[in-house]
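Coordinate inspection notes
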Amino acid sequence: MAPGLQWQPQLFNDEKSNEVRGLDLNSPGMEIHPFNSPIYQDWSIFYETRNHKRLKLEHHMDESIGSTGIGNHNCNSSNSLTSLPRLQFRDHVWAYTQRYLAIEATEEAAVDMLGGNENEIKEEEGGEGMKLVQQLIACAEAVACRDKIHASALLSELRANALVFGTSFQRVASCFVQGLDDRLALVQPLGTVGVVGPVAKATTVTLEKDEALSLVYELCPQIQFGHFVANESILEAFEGESFVHIVDLGMTLGLPHGHQWRNLMQSLVHRAGRPPKRLRITGVGTSRERLQEIGDDLQHYAKSLQLNFEFSVVESNLENIKPEDFNTSSDEALVINSILQLHCAVKESRGALNSVLKKLHALSPKLLILVEQDSSHNGPFFLGRFMEALHYYSAIFDSLDTMLPKYDTRRAKMEQFYFADEIKNIVSCEGPSRIERHERVDQWRRRMSRAGFQPVPIKMIMRAKQWLGKAKVCEGYTTVEDKGCLVLGWKSKPIIAASCWK
């Protein structure tokens, strides 16, 4: 750990801890006291051994609520909420419930994130990197508390320090600053709960976003890893089949030219035995024109390979698809392909995704390939979600820092037009507008099982390692097998998980 950096997880439940100290953002000693922040004030916390931590709420509501309301609890690090007149009881219930349930995720994510950025912090003179971390977390707390004055002041400082062409953490911080700024603009006045969600609108496709997506595909291994695992699994499922049909949800975010299916066509034509008599691909998405353009490219490519190919489009979002849209037949082997798509169908109501999965299950696919971001960005509480996202995208930006020079415009385009969009959606949006609801692979296992799917173990870890060795990516990426799934990670941090189901 960097010199001068002292991580102190002591719990301050002795007599001397009654006076709770907040984060000192200007302290040159760089001491971090994760439980000193006012969001933890008046909660009794106890620590169990090593990785198993538990939080215990010992104060009963009748003890913490006085005759005037809530007593002396504070939510802000600068201005006490209790100084404002006539606070609603639900304000305190909402604020303290959010913080109590977010504490463990916040602590673990902060420990991992700061530990993983040790070398970077050493490079930044005077511990500026650590100060930036503290400011960012303090700003998130202020936004969560709806303290607009304190949050605005912190945002002003952060804008000056979070540079688009700075260190990897400065760059990722700049994206989170944008998200916090957007969220603060939607915060409701005190006396109400939560934030005002922006009106849901279709995602607009711009030339910048198209270029950024293409750069992510070409330079980063995440999407290519998903395509590799999916195609290898599809080839095994289509072994000996004459009529094969692929339902592609989202067509890999509308990535131009259909790279995944070009590679699959080559493999089908050149592998031992005869190619299938017919290959059908049905693209599902909200832009018929965009999907049809990809289909036309694939049609020309299949013709050059002398492969009998058919392409069709189902113009629909995932929630509104119907089994009859796909015109399946009993003589064809059906595979459903989902690359970074199904998390968009996760909603706040538990039945939303389950309904989509059951419709897909009704198609009786021989295989369903699921590739998703392996991180918990769908928690119900903002602070926990914020810290999980900060940890996850810090790893991605660190990998980009290793791959490309500091002032490479390609890196800036990927960060600001692709990953920043995801970050801002996670941080600033609520309700139907929040579509980047990434979940861990264990949660996907539970969701898929509830919908009637059974896991199909992926047994290609050695091929995946060989593929990663041949891929033109920097050192630091890893592939591991996790209970039948394959996970791509950066320096032990999971990034993308692939699984198969039937």
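Right above here is the structure, for reference.
A brief report on the enclosed structure follows.

The rules behind the values
- Residues numbered from 1 in each chain as written.
- Predicted model: local features only at pLDDT ≥ 70, side-chain atom pairs only at ≥ 80, totals over all residues.
- Heavy atoms only, no water.
- Helix = DSSP H or I, 4+ residues; strand = E, 2+ residues; numbered from the N terminus.
- Buried < 20%, exposed > 50% of the residue type's maximum accessible area, 1.4 Å probe, protein only.
- Areas by Shrake-Rupley, 256 points an atom, 1.4 Å probe, with all protein chains shown as cover.
- Core = buried A, V, L, I, M, F, W, Y, C linked by side-chain atoms within 4.5 Å.
- Contact = heavy atoms within 4.5 Å.
- Axes fitted to C-alpha atoms, helices over the stretch in contact; angles between N-to-C directions.
- Parallel < 35°, antiparallel > 145°, perpendicular 65-115°, else oblique.
- Left-handed = near helix turned anticlockwise from the far one by under 90°.
- Nonpolar A, V, L, I, M, F, W, Y, C, P; charged D, E, K, R; others polar.
- Expected span 1.5 Å × (residues − 1).
- Pairing = 2+ DSSP bridges.
- Phe/Tyr/Trp six-rings, centres within 6.5 Å; stacked < 30°, edge-to-face > 60°.
- Lys NZ or Arg CZ within 6 Å of the ring centre and 35° of its normal.

Below, the discussion takes up the overall build of the protein. What the protein contains, in helices and strands, is 16 helices and 11 strands. A burial count over the protein gives 53% of its 502 residues as buried. Carbon and sulfur atoms make up 50% of the accessible area of the protein, which totals about 23,300 Å².

This paragraph deals with the nonpolar core. Within the largest apolar cluster, 104 residues are counted, with the highest numbers of intra-cluster contacts made by Leu-136, Phe-176, Leu-180, Met-265, Leu-279, Phe-386 and Tyr-393. At 13 residues, helix H13 (residues 382-403) tops the list of elements feeding residues into this core. When neighbours within four sequence positions are excluded, Met-265 is seen to be in contact with Leu-279, Leu-298, Tyr-301, Ala-302, Leu-305, Leu-307 and Phe-309. Core analysis: the next-biggest nonpolar cluster, separate from the first, contains 24 residues, Val-284, Leu-342, Val-356 and Leu-370 among them.

So, on to the packing of helix H6 (residues 168-185) against helix H14 (residues 409-428). Remark: H6 packs on H14, axes separated minimally by 8 Å, with the N-to-C direction vectors making an angle of 40 degrees. The angle between H6 and H14 falls in the class oblique. For H6 against H14, the interelement crossing comes out right-handed. Every residue of H14 that contacts H6 at Arg-171, Val-172, Ser-174, Cys-175, Phe-176, Gln-178, Gly-179, Leu-180, Asp-182 and Arg-183 is listed here: Arg-411, Glu-415, Gln-416, Ala-420, Ile-423, Lys-424, Val-427 and Ser-428. Its residues assigned to classes, the contact of H6 with H14 shows 7 nonpolar, 5 polar and 6 charged.

For Gly-166, the position within the fold is in the loop between helix H5 (148-161) and H6. Separated by 235 residues in the primary sequence, Gly-166 and Asp-401 place their C-alpha atoms 10.0 Å from one another.

Quick look at helix H4 (residues 128-144) now. Helix length check: H4, at 17 residues, gives a terminal C-alpha distance of 24 Å against a target of 24 Å (1.5 Å per residue), a fit within 8%. H4 sits mainly inside the fold: 15 of its 17 residues count as buried. Arg-146 occupies a position one or two residues after H4 and carries a positive phi of about 60 degrees.

On to the pairing of strand S6 (residues 333-339). Of all 7 residues making up S6, 7 are buried, and the element is well covered by its neighbours. With burial as the criterion, each face of S6 is covered, one bearing Ala-333, Val-335, Asn-337 and Ile-339 and the other bearing Leu-334, Ile-336 and Ser-338. Of the pairings in the sheet, the one linking strand S3 (residues 243-249) to S6 comprises 6 bridges and is parallel in character. Bridge pairing links Val-244 to Ala-333 in S6. Where S6 meets strand S7 (residues 367-373), 5 bridges bridge the pair, whose relative direction is parallel. Within S7, the residue paired with Ile-339 across the bridge is Val-371.

This part covers the packing of aromatic side chains. Under the definition given, this model contains 10 aromatic pairs. Ring-pair connections join several aromatic residues into one group, and the members of that group are Phe-176, Phe-382 and Phe-386. When the ring centre of Phe-382 is taken as reference, the NZ or CZ atom of Arg-183 above it lies at 4.0 Å.

It is worth spelling out unusual backbone geometry at this point. Phi angles above zero are rare outside glycine, and Thr-252 is one such case at about 50 degrees. Phi is positive for Lys-491, close to 50 degrees, though the residue is something other than glycine. For Lys-491, the location among the structural elements is in the loop between strand S10 (485-490) and strand S11 (493-501).

Now for helix H15 (residues 441-450). Residues of H15 that are buried include every one of Val-441, Gln-443, Trp-444, Arg-445, Arg-447 and Met-448, and no others. Once H15 finishes, Gly-452 follows within two positions and takes phi at roughly 100 degrees, a positive value.

Within a regular strand, side chains alternate between the sheet's two faces. Counting buried positions along strand S4 (residues 278-285) gives 8 out of 8 residues, so the element sits mostly inside the fold. Side-chain alternation along S4 places Arg-278, Arg-280, Thr-282 and Val-284 on one buried face and Leu-279, Ile-281, Gly-283 and Gly-285 on a second face that is also buried. Where S3 lies against S4, 7 bridges are found, and the strand directions are parallel. Within the sheet, the bridge partner assigned to Asp-248 lies in S4 and is Gly-283.

Structural measurements only, silent on function.
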